[in-house]
Each structure stands twice: as C-alpha cells, then as structure tokens.
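So the chains spell out like this:
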Amino acid sequence: MTLLSVHNLSTQYSAGRGTVRAVDDVSLEIETGETVALVGESGCGKSSLGKSLMRLVEPTSGQVTFKGSDVTAMSARELRGLRQRIQMIFQDPFASLNPRQTVRAILTAPLKVHGIGDGKRRREIVEKIAEQVGLPPDSLDRYPHEFSGGQRQRIGIARALILEPELVVCDEPVSALDLSIQAQILNLLVEMKQRLSLSYLFVSHDLSVVRYFSDRVLVMYLGKIVESAPTAALWASPAHPYTRALLAAVPDPAKRKHAAPISGDLPSPHNPPSGCRFHTRCPLATDLCRAEAPRYRSFGENHTVACHYAQ
Amino acid sequence: MTPLMEVHDFAVGFGSAQPVKGVSFDVTAGEMLAIVGESGSGKSLTALGLIGLLPSHARKTGSIRLAGRDLSDLSERQWRSIRGREIGMIFQEPMTSLNPVLTVGEQIVEVLRIHDKIDRRSARKRAIELLDLVNIPEAGRRIDDYPHQLSGGMRQRVMIAIGVACNPKLLIADEATTALDVTIQAQILQLLDNLRLNLNMAVILITHDLGIVAQWADRVMVMYAGRKVEEGLPQPVFEHPYHPYTRGLLAASPRAEVGQHYRDGPLLEIPGSIVSSLHEKGCAFRPRCPDARASCGQAVPPIKLISDGRYAACPLVPSQFGRVSHDALVGA
Ligand SMILES: Nc1ncnc2c1ncn2[C@@H]1O[C@H](COP(=O)(O)OP(=O)(O)O)[C@@H](O)[C@H]1O
Ligand code: SF4
Ligand code: SF4
Ligand SMILES: [Mg+2]
C-alpha cells in the first residue's frame, strides 16, 4: 500500500537576488514498510525535500498525499495531527534538543502537545521508549550535554518515535557518529522499524550505509531525482552517469588509487545548467543534453532513469 | 635511512585528563601514513602536537624529531619558522581556517611572505601557480575571490595550496575530506596523492573512513583511547586485523561489495562507547571487548611487533587471533 506519494513537488527559496529551486519537480512514492534512501551531494536538496514532505518548509507547488489525504491542503490543525504520524530524526540531535531540559522533559513534551495520557501514563510511555532505544534508566533525569553523540542520537530517536509515527524522515542520522557507534544506531533503527512497523525516508550521502539500510534508492542531483531503483538493482546496474560516478567514487579497499570518476564541482543551484543538469560534469554529454532536459524512462522493474543516453 | 619524523612516547594531558597516553611512530619521507580511530582517541591532539599548536595549558611529554632535529622544547617563535615551511596542515572545515575578509590570493601571499623574502608581485605569481597546482580552474581569476564565493571542495583546495605553499616535507590532513561529498572527496584524495609524489612530501592522513585508508594510505596506525593499538600496511591490517578494536571496526562497517542488507540480519556492534580514564589499570578497550578476560585488567598491554611491520597491543595476538580472517568474522 502506498503510504506517501509526492507529485511534481517544487520548493524554492528566495536567496539574495534570485531564487534557488532546491526541490525541482520531484515525484516519488513510499510504500508501507519500505525504507527509501535519498542520496546525493550536499546541497542537492535532500533535506529540503525531506522537510517539504511534512511542510516544515512550504513547497512552492506540487502535491503530497499521506494515506490518501492531501498534505498540501491541510489546515494548521490537521498538520499537527500529521506531525504525529510523520516524524523526523536529525543528523545532530544535540542542536535539536533543548539543553535546559532533562531527557524526561524532552520526551514528555510531544505527549503533552498531542494530549496523550495523564501524568502516570506519560511516565510509563517515556520509560518504555527509553528502554526500547537502549537508554539506561538513570538517563531520564539528566541533560543532553551529559551524553555522548551516540546516546544523544538515541534520545533523538526516542523523541521521534514516542508518538508511534508511521513514517520517519531520517536526515543523515549516523553521519556524525563514529563507525563503532554507527552500527549500534543502524541496528536500533531496524529494530524499531520492525517493532513499530515504521517506514523510513533515509537521507544520506554514505552509499555503504545506504546499500545496507534501504530497500529502494532515489538519487538526487541539483534538486532533481535522476534515478530511482530497488537497492540491489541500483548496485547491479546503475544506469544514470551520475549514479555510476557516485558508486565509483566510494572508497573501496579493493581498488588502490583509482582515478576520481568525475571532475568538476556541483554547479551553483542559483543558476543550474540548461537541459540535463548533469551535463557540465557528464562524460557522455552531447548537444541534445545541453538543450533538452531528459524525461524519465523505465529501465526495469521499479527502475526509472532521467538520461537521454542511459543504457 | 633515518625517518623524516620520529615520535617517541608522545603524551598530552590537561589537568587530570590524559587524552594522549604515549604514542610512538615514524613517518618516512614521501609516505602517506593514515591514523584512524574513534573521535576522542587523541588523533587530533597528536597532530596538533606535531606542529606545535597545542593550547598553552596542555602538558606534553615525549619527543618529536624532524629530520633529526629535536622539536620537543621549541619556543613559539621557533615553531613559527617550522609551521608552514617544514610541516603544513589542513583541517576539516576550511571555512574556519580561512580568513573570510581576505581574498584567497591575499591569504596565500601572506603565507609565502612569512617564510620567504619575496616581493608582492612574485608572491602573487607564485600564488596563481599554487592554485593551478591544486587544480583550481581559472586560477588567475579565482585568486581574487573571497572564501565564501567558493564551493566546499574549492575551499579545501585553497587550504591545500596554502598547506603546500612553502614545500613542506610533511603535510598533516586532519579529516580534510570528511565534510565533502564522495565525488569531490575522491578528487581531493587524488590531488593529495599526486602532490606528495611530485613534491616528495609525506602526508599524515587522519580519517575515520576505513575505505579511504585502504585505498590511499601506505601504512595505517589505529588509535584507541590515547594509544596506538595496531599498525601495519593497510591491506594486511584490513584483510586480517589483529587487535579486537580493529576487528570490531571492520565488522561493524556495512559491506556494500558483498551486498550486506538489513533484512538479512543486524550489523555486528562494538558495544558501549569510548571510555578513557586516567587511573585505568588494564586495557582501555576492555569494557567493549568481546574477548576480554580477567588478565586484561591487570596491565595496559604494550604495543608489540607481531610480524614484519605489524604491531598490535593485545596479548591475545597472534596466538588467538592469528588465523581468523575478516570474512569469517562477518560471516561472509
Ligand atoms: N583544549 C582541550 N582541553 C581539554 N581537553 C581537550 C582539549 N582538546 C581536546 N581535548 C580532549 O581530548 C580528547 C581527545 O581529543 P582529540 O585529540 O580531538 O581526539 P580525535 O581527534 O581523535 O577526535 C577528547 O576527550 C577531547 O575532549
Ligand atoms: S542526459 Fe546527457 S548529460 Fe544528462 S546524464 Fe544523460 S548523457 Fe549525461
Ligand atoms: S587486551 Fe584483552 S581487553 Fe584488550 S583488546 Fe586484548 S583481549 Fe581485548
Ligand atoms: Mg578529531
């Protein structure tokens, strides 16, 4: 069943003299129980897309539907209900945790906002989620700064899951963590997904993590989704030249000192290239690519690509 | 041949804390040495110690020799003549190390003129050459840009240009590619590798990315809680890690190349997090080590030569771990 669907969504920011199309005509779907990864270079619009879905930033145009209801048309009150069912986990939980509140207060706040339970019931819920995310019982009366990065991320996860949402947007949740802690947090996210039947939109630039953690991958470049495929299929047959470059750039112990797969920088999103936005870095670019934006083409089951020459 | 740099029993303390507890290693001229480990394991403090940038309230002991010269007791004045000229450094976030109100060119010229008696015109010419050297397109135009006008990757190239401006014998790169995307990261690593070959410059690459180490380093040193716990050539270390911490790190990394997937089972975890206490009696990894036994709590295991160029600080190496391969560990 489709949990979330997005049609032709665009989000613009006005910046100085011009505007930035951070999300440009993006369509996607997330099925119930699925983990969909969104990958791409920093600044390509991943976080903007994640936030636009739940209207933490307002999309400029397009439509978002969550379980049949039109999110883009929701009133403030309806949105509050929606944010109980869609939650977000951030890269730096510390920045989003109030330093003057104890963990107990941080975790109780969403229950109060949504009028769930009385004092006693809330205490039970808070203690249960803390235990489920692996926070020791004495953590509840401590403050965020007393915790290591991994423990803080557990607090961030507990806060996101305490309302038992259906969809969780995870924005680079393990990028700031040490490798030994990253595995703990990924395992916890999988465990909680199974326990609460969650679906995830997992924003990441770490392709090894994405390969492990996702069922399907959306590859984003300068505000556009350029390829969408089941995870195993993407690794087996990446079709878009940018996807290929990304996969080839992942440091691989088996490939000593191979050349960087593509040169050049991400162009400025203020002034994106004409036609196919990847043409300034693409080894296959032709005049057609410079003039005309490629349409999506089917490349196999559940596999679509936006490239004139994908093969 | 004497090594370019010899670090012996180097330790750093603040008050009652001892974040670096005595590390010894050599850097050979022109080599790329990687240092990996958890944050808080003392990598950055060690690096800062090597270029005399520790805060003044830091206590440091041990010795550092550069091309035979003892750097342990230099004054700040003496350090200034070494920093930049003999040892360069680049950090993770170029935005904080670049001056936002000076153009890229002004900053390079400044560095050149600290060390060499050269006039502004030739310094500017040299600055353009340097920007060219680090593959900044249209260097002659970019030289007048301010840092905020450049992308993250370009700023890191500028930092590298400043780092190598005076032809140092050693460049220290502390998490220099961590904030960059993989496609740009690959370009920067390739650039560092070319530069060190062309300039015969050694590089100490501090990173937490094991893939980068395996792909680019000549030698790797693993740190945990202020000590070196393993050292060797990257391929043998990663194919056949000895120390339980290194073994844990490798097992905890998702392995894309074998298609490891969450639906098939969890990643192996290293439980807990790094704890480094001053009054430890035994191995600092003991609270997290799956192989710990009573004897591990009695004394800090010394780092020992296990085989040619391979060192490990665990008494169970190699008798217990000698023949276990990484594949066996992750069940691949
Ligand atoms: N100026 C300082 N004063 C006190 N403690 C410090 C200072 N700088 C670093 N530390 C501590 O030293 C430990 C090691 O830090 P660092 O060398 O930065 O590790 P790494 O580079 O491996 O992340 C950390 O626990 C850190 O908090
Ligand atoms: S459309 Fe052209 S420029 Fe764009 S990715 Fe395909 S080949 Fe490259
Ligand atoms: S000394 Fe003991 S605790 Fe330390 S790494 Fe070896 S087995 Fe583990
Ligand atoms: Mg560090």
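Nothing here was measured: the structure is a model prediction, and the numbers come from that model. (Residues numbered from 1 in each chain as written. Chains lettered and ligands numbered in written order. Predicted model: local features only at pLDDT ≥ 70, side-chain atom pairs only at ≥ 80, totals over all residues. Heavy atoms only, no water.)

Residues and elements named next belong to chain B. Neighbouring ligand 1 are F14, P19, E38, S39, G40, S41, G42, K43, S44, L45, P55 and H57. Here E38 contributes a backbone N or O atom positioned 3.4 Å from an oxygen atom of ligand 1. One of the backbone N or O atoms of G42 is found 3.2 Å from an oxygen atom in ligand 1. Ranked by residue count, the leading element in the shell around ligand 1 is helix α1 (residues 43–50), at three residues. Of the residues in the shell around ligand 1, the class split is four nonpolar, six polar and two charged. (Near = heavy atom within 4 Å. Polar contact = N/O pair within 3.5 Å; in protein donor to acceptor, adjacent residues only side chain to side chain. Helix = DSSP H or I, 4+ residues; strand = E, 2+ residues; numbered from the N terminus. Nonpolar A, V, L, I, M, F, W, Y, C, P; charged D, E, K, R; others polar.)

A few words on the site of ligand 3. The immediate surroundings of ligand 3 are formed by H243(B), P244(B), C283(B), R286(B), C289(B), D291(B), A292(B), C296(B), P301(B), C314(B), P315(B) and L316(B). When the residues that make up the shell around ligand 3 are grouped by side-chain class, the tally is nine nonpolar, one polar and two charged.

The subject of this paragraph is a nonpolar patch on the surface. Together, L284(A), L288(A) and Y309(A) make up a nonpolar patch on the protein surface, roughly 240 Å² of accessible area in all. Within the secondary structure, L288(A) is located in helix α11 (residues 287–291). (Patch = residues over 30% accessible without salt bridge, like charges linked within 9 Å, V, L, I, M, F, W, Y side chains within 5 Å. Areas by Shrake-Rupley, 256 points an atom, 1.4 Å probe, with all protein chains shown as cover. Salt bridge = Lys/Arg side-chain N within 4 Å of Asp/Glu carboxyl O.)

With that settled, consider the side chain of R219(B). With respect to the secondary-structure elements, R219(B) resides in strand β9 (residues 219–224). A polar side-chain atom of R219(B) sits 2.6 Å from the main-chain carbonyl oxygen of D26(B).

Further remarks concern the packing of aromatic side chains. In the structure shown here, the tally under the stated rule is nine aromatic pairs over all chains. Between Y221(A) and F278(A) the ring centres are 5.0 Å apart and the planes differ by 85°, which places this aromatic pair in the edge-to-face class. Here the residue Y221(A) occupies a position in strand β9 (residues 216–221), and F278(A) occupies one in the loop between α10 (241–249) and α11, the gap between them amounting to 57 residues. The two residues Y221(A) and F278(A) agree in class, both being buried. Ring centres of Y224(B) and F285(B) lie 5.1 Å apart, and the angle between their planes is 80°; this geometry places the pair in the edge-to-face category. (Phe/Tyr/Trp six-rings, centres within 6.5 Å; stacked < 30°, edge-to-face > 60°. Buried < 20%, exposed > 50% of the residue type's maximum accessible area, 1.4 Å probe, protein only.)

Moving on to unusual backbone geometry. Residues and elements named next belong to chain A. Positive phi, close to 50°, is recorded for N8, a residue that is not glycine. Along the chain, the position of N8 falls in strand β1 (residues 2–15). The partly exposed category is assigned to N8, whose relative accessible area is 42%.

Should the pLDDT be low somewhere, the predicted coordinates at that spot are not to be read in detail. Residue and element names in this part refer to chain B. In the predicted model, chain B carries a mean pLDDT of 89, and 94% of its residues have values of at least 70. The secondary structure element of chain B with the lowest average pLDDT is helix α12 (residues 326–330), at 46, and the one with the highest is strand β10 (residues 227–232), at 97. Within the model, the stretch residues 324–332 combines pLDDT values under 50 with 17 contacts to residues more than four positions away or in other chains. (pLDDT = per-residue confidence, 0-100. Contact = heavy atoms within 4.5 Å.)

Residues and elements named next belong to chain A. One ladder, built from two bridges, connects strand β10 (residues 224–230) with strand β12 (residues 303–306); its direction is antiparallel. Directly across from S228, in β12, lies its bridge partner T304. Counting the residues between successive antiparallel strands, the hairpin from strand β11 (residues 296–300) to β12 contains two residues, one of them, N302, with a positive phi of roughly 60°. (Pairing = 2+ DSSP bridges.)

A few words on the sheet that holds strand β4 (residues 59–66) of chain B. Residues and elements named next belong to chain B. Across the sheet, which stays open at both edges, the four strands sit in the order β2-β1-β4-β5 with antiparallel pairing between neighbours. Every interior strand has two partners, whereas the edge strands, β2 (17–27) and β5 (69–70), have only one. Across seven bridges, the pairing between strand β1 (residues 5–14) and β4 is antiparallel. Paired with H8 across the strands is S63, a residue of β4.

This brings us to the pattern of salt bridges. Between side chains of opposite charge, pairing is possible as soon as their charged atoms come close. Taken as a whole, this structure holds 32 salt bridges over all chains when the rule is applied. Of the charged contacts in the structure, one is a salt bridge between R142(B) and D145(B), with a shortest N-O distance of 2.6 Å. For D145(B), a relative accessible area of 11% puts it in the buried group. Salt bridges linked by common partners bring R21(A), D24(A), K224(A) and R277(A) together as one network.

Across the contact, 47 residues belong to chain B and 46 residues belong to chain A. Both sides together, the interface formed by chain B and chain A hides about 3,700 Å², and carbon and sulfur atoms give 53% of it. For chain B, the biggest contributors to the area lost against chain A are T183(B), Q215(B) and Y262(B); these three give 20% of the whole. Taken together, the links from chain B to chain A amount to one salt bridge. (Buried area = accessible area lost by both parts, 1.4 Å probe.)

What follows covers the packing of helix α4 (residues 103–113) of chain A against helix α6 (residues 149–161) of chain A. Residue and element names in this part refer to chain A. Look at α4 against α6: their axes get within 8 Å of each other, and the N-to-C directions meet at 25°. In terms of orientation, α4 and α6 fall into the roughly parallel class. For the element pair α4 and α6, the recorded crossing hand is right-handed. Residue-level contacts link V103, I106, L107 and P110 of α4 to I155, A158 and R159 of α6. Each residue belonging to the contact of α4 with α6 can be placed in one class, and the counts come to six nonpolar, no polar and one charged. (Axes fitted to C-alpha atoms, helices over the stretch in contact; angles between N-to-C directions. Parallel < 35°, antiparallel > 145°, perpendicular 65-115°, else oblique. Left-handed = near helix turned anticlockwise from the far one by under 90°.)

Turning to the sheet that holds strand β11 (residues 304–307) of chain B, a few remarks are in order. All names here are of chain B. Judged by pairing direction, the sheet is mixed, and its eight strands sit side by side in the order β6-β7-β8-β3-β9-β10-β12-β11 without closing on themselves. For this open sheet the edge positions go to β6 (87–90) and β11, each flanked by a neighbour on one side alone. The sheet shows a mean angle of 25° between the axes of neighbouring strands, direction not considered. Its contacts with the sheet place helix α7 (residues 152–164) against β6 and β7 (170–174), and it is angled at close to 170° to β6. Strand contacts of helix α11 (residues 244–252): β3 (32–37), β9 and β10, with the helix running at about 100° to β9, the strand carrying the most contacts.

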